[in-house]
Amino acid sequence: MANRNEILKNFTNNEKLYELSDVSPESLNDISFNPDPAGDVLVESLKKLIFSYCKGEAKITVIKNINIEIEKNL
Amino acid sequence: MIINYISMLNFQCFYGNHESNTVAFSDGINVIIGDNGHGKSKLWNAFYWALYDQIFDSDRERFVTTRQSGESIFSDRAKKECAVEEFVKAEIKLEVVDSQGVRFEIYRMLKAKKLDDHNWEVAPTSSILIRRYKVTQWQKVNESEYRSILERVLPGHLKPYMWFQGEQVNSLMDFQNQTSLTQAIQLLSDITNYDDLVDITRDGKEKSAKELRIEQKRLSSDSSKSEAIERQVTNKQKDLEEEERDRESNTRNKEEAEIGFDGLINSMSDAQKRAENKANLDSLTNKRDANSQQLDSKIQALNKKLFSSHWVLKDCEPSITDFSGKYDKFLEHHYQKAALDKIAESQLPVDVPQPIFVNKMLADEACFVCGHLAPKGSDEYKHISGLLDRKIQSSTTFKNDCSSLFKKLYDNTTEYKNVISGIGSSISEEFSSITKLRNEISSDNKSIEDINKSFGELVEKDQSENIIKEFRKHKKNIEDFTDAINVNNIKINRITDELEGLKTQTKKLVVGSPNKAVEAAAEIFNKLSVLALSTRGLVFSNLVKDLEKSANDIYQSMTERNKSVIGRLNLRIMDSKTCFPEIVDSDGNSLAGSNDSNIRLVKLALMMAVLKSTSTWSQNYCLVSDAPTSKMSRNYAEGFYEALGKNFRQSIVITFDFVTETKKSDIKINNLGKVYKLNSVIPDGDRTKRDDLYTEIKELDL
Amino acid sequence: MNMVEKKIYSISPGYLPNFKSMFKKYVQFGGGADSQRYVKGRYFSNVYEMYVFAFFLGLKKETPFEITDDDTLVKFWEIENWKPQEIRDHLIASSIARTDIDLFSLQDLDERELTAEIGKLKNTIEKYANGGLKIIAALIEEDPDNAEQDTFFIKMLS
């Protein structure tokens, strides 16, 4: 079973996330799997991707869940 | 799981009951010693048969099932003692304990009926029974759980690396095969999770991009044009993928050629000359690369200097001088007028003194203000008379006073006079600097070529024709593949550019607002895809770094006793997905001539490091190895055992060498578990009478 | 800012449509890092930069290209947005120098008259800029390979 916290940590430690999102480097450390209605859409989508994947959901379901998350954040 | 004991009943060379054929294990390194033909491989078979219902057939040189092995499962002596029409049984009991401390007993049994002295009716399959120790007693486990329990004893993906024979190490960690280590990393780490995430996000990106194109087509003001663009996009994407695949392949080939080249260089006999050349080569290469980078920066910034260094103003002095002239004229007129205004402001009002008094002063030929006489025809008289001719001066402020605007222009252009006059030399200097860098790079390239030629000559001087051919081939391949990669890059940039252009064209055709969710999805999935790929690369790179460190720590501890051992493991990442191991010296040069023992040790260190990369494995599973240190000198072997004991909670090593009865005190291994000696015994000593053979298992007290 | 200043800074000069492809080739539309601009062979960050370059080229080579009322020019940004300021000031000063315009009398003109005078200034800018663009176009046609060189524009300064 994939460790979702470890996977999320590896993503938030990647400077690329800071480049691509609107999140400040400091607040990247505070990111957790708790949903954040005011969160950056890229970060929330990333969380959904990892969460859904680690639950063992099928690829198409993971993609669907991310799409729902994106629409929620519009 | 950790192994508590194994016991055999009439299994191959282990004649007799369980009590006389029990091997118990503790934490640490458990060693089973025996000369060849004294039962070591049969013990290995015992483990295998208990868990996998297979044994190794030395005639066929592969693992075979119970059905295929037939009566060879049974002890020859037990078969001999069995009466016709009676049954002989072979059994293995294996007790294991999982990470939660739960004990399991795995019991496998096979029966055969003796038909006559040479023929047996063997049961088609063995039977298995698993019990779990619960609270105070053993309880039968439900058959539906058997598979998962057996899998948990040693998970399938760990098996090749934790239960292996010495001669398998070379193929498990084949340094000639790039995929060997990469495969191990894939199997034994969680890198596949990141591969999955890359795959998912790439899929999401393709789907959302497609959806966006459909949306744009729907809103397109010219649907046939949109279709045409869509077709072009599809074709260009295919071209891009092909080009990227090509580049990947060229990159891999170039890296392989470089490895081959380095290997040959390092195998040259004139070590001093080689070292000198290498040092020069490194220094020249670094200098050339630094200069190249600087040159690239200068060239990239060159056109920017048109504005940042004001080069665009070169030779504009004449027009600025003309402007200055115009400005001077403007100023003159402007201040003249301003002065007039001032004079006008300071004059007497037109009606002071009133004309009646002026006429009186003229009639009296005297000024009433100062009292002086003003005779007719005198200047004073004329001045008083002039007062009658005064007109009303209107106030003259400018509608649009431009003095500050033109002053600003004048000041700003004057300020840059010196700068502009120096632009010519500034440009010359920059070009000189660029030319100088180009020349240096060219000269360094020539020197590098000369050194490479010298390498070639050294190789040719003392190597065989084949090696020389090999050397030249690698050199040419490096050049050819470098060129090919450059061509790939140019094409990829061009196609990417064209795709951007097509995207822009599509966007321009859109009338109205595309669905925000569709647009957002395309953007987000694109970013997720980039992020997943980047993170995968980082995780892989960190994994390899940690692995390299861990393997080197293990290798160092293995070779502590052997001062002649040099070298360390270097893991070269290639194309961010594969990883190639090599042994290098302290300068990073490949130690192509390392002896077999050295290489075997490095491979074992690497295997252990891979197994340790997830901390629970080395604590929760037993490493079982048959003859891992065969062909190794004593020092190497002891180093291996030392590292094994330090890094694994439990291991079982089956070997022919380790200790002799007389040299017990030679053992310097910490964390030693139980040590057994296997001895084949034939009661009357006639080694041709294998029917009477049994194996003695003796625990050694060390 | 008075009306003269306002009108000068609102000048939005243009270029002849046949130079459109040249701008497309050499200008990095939409911003981007220097290195990104460079690898795509874009030597100017925006249209006005190339336009300014062309103006000073036409001025230096004394090759104004007369723009008539019948010419439909492609317009872009007003001068007040052009940067850096010192180069913009030089452009305005040089244009004033080459325009038949009485600086002093500008100050007392009414709006209609001012528009006409400033129009002359605009015309000066356009004729030198388009003259410069013509030179560049000719060089490209003469030697298309040379037009791809990093030093293509710099060499025109000599």
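A. The packing of helix H1 (residues 4-12) of chain A against helix H4 (residues 41-54) of chain A, seen in detail. Residue and element names in this part refer to chain A. Packing of H1 against H4 brings their axes to within 10 Å, and their N-to-C directions diverge by 150°. Classed by the angle they form, the pair H1 and H4 counts as roughly antiparallel. The way H1 lies across H4 gives a crossing that is right-handed. Every residue of H4 that contacts H1 at Arg4, Ile7, Leu8 and Phe11 is listed here: Leu46, Lys47, Ile50, Phe51 and Cys54.

B. Layout of the pattern of salt bridges. For the structure shown, the criterion picks out 47 salt bridges over all chains. Residues Asp203 of chain B and Lys59 of chain A are paired through a salt bridge, measuring 3.5 Å at the closest nitrogen-oxygen approach. Of the two residues, Asp203 of chain B is situated in helix H8 (residues 191-218) and Lys59 of chain A in helix H5 (residues 59-72); the pairing between them involves two chains. Lys59 of chain A gets classed as partly exposed once you look at its relative accessible area, which sits at 32%. Overlapping salt bridges bring together Lys59 of chain A together with Asp199, Arg202, Asp203 and Lys207 of chain B as one network.

C. Molecular detail of the packing of aromatic side chains. Per the stated rule, a full pass over the model turns up 34 aromatic pairs over all chains. On the basis of an interplanar angle of 70° and a centroid distance of 6.0 Å, the ring pair of Tyr43 of chain C and Phe153 of chain C is categorised as edge-to-face. Taken together, the positions of Tyr43 of chain C in the loop between helix H3 (34-39) and helix H4 (47-60) and Phe153 of chain C in helix H8 (residues 152-155) put the pair 110 residues apart, joining distant regions of the chain. The class for Tyr43 of chain C is buried, based on a relative accessible area of 5%. Sitting over the face of the ring of Phe33 of chain A, Arg4 of chain A holds its NZ or CZ atom 5.2 Å from the ring centroid. Lying across the ring of Tyr52 of chain B, Lys159 of chain B places its NZ or CZ 4.3 Å from the centre.

D. Inspection of the nonpolar core at higher detail. Ile3, Ile6 and Trp163 of chain B are the most contacted members of the largest nonpolar core, which has 136 residues in total. Counting residues per element, this core draws most heavily on helix H19 (residues 516-558) of chain B, at 16 residues. When near neighbours in sequence (up to four residues on either side) are disregarded, Ile6 of chain B contacts Asn21, Thr22, Val23, Phe25, Leu43, Ala46, Phe47, Ile92, Lys93 and Leu94 of chain B. Core analysis: the next-biggest nonpolar cluster, separate from the first, contains 81 residues, Leu306 of chain B together with Met22, Phe76 and Leu114 of chain C among them.

What counts, and where the lines are drawn
- Residues numbered from 1 in each chain as written.
- Chains lettered and ligands numbered in written order.
- Predicted model: local features only at pLDDT ≥ 70, side-chain atom pairs only at ≥ 80, totals over all residues.
- Heavy atoms only, no water.
- Axes fitted to C-alpha atoms, helices over the stretch in contact; angles between N-to-C directions.
- Helix = DSSP H or I, 4+ residues; strand = E, 2+ residues; numbered from the N terminus.
- Parallel < 35°, antiparallel > 145°, perpendicular 65-115°, else oblique.
- Left-handed = near helix turned anticlockwise from the far one by under 90°.
- Contact = heavy atoms within 4.5 Å.
- Salt bridge = Lys/Arg side-chain N within 4 Å of Asp/Glu carboxyl O.
- Buried < 20%, exposed > 50% of the residue type's maximum accessible area, 1.4 Å probe, protein only.
- Phe/Tyr/Trp six-rings, centres within 6.5 Å; stacked < 30°, edge-to-face > 60°.
- Lys NZ or Arg CZ within 6 Å of the ring centre and 35° of its normal.
- Core = buried A, V, L, I, M, F, W, Y, C linked by side-chain atoms within 4.5 Å.

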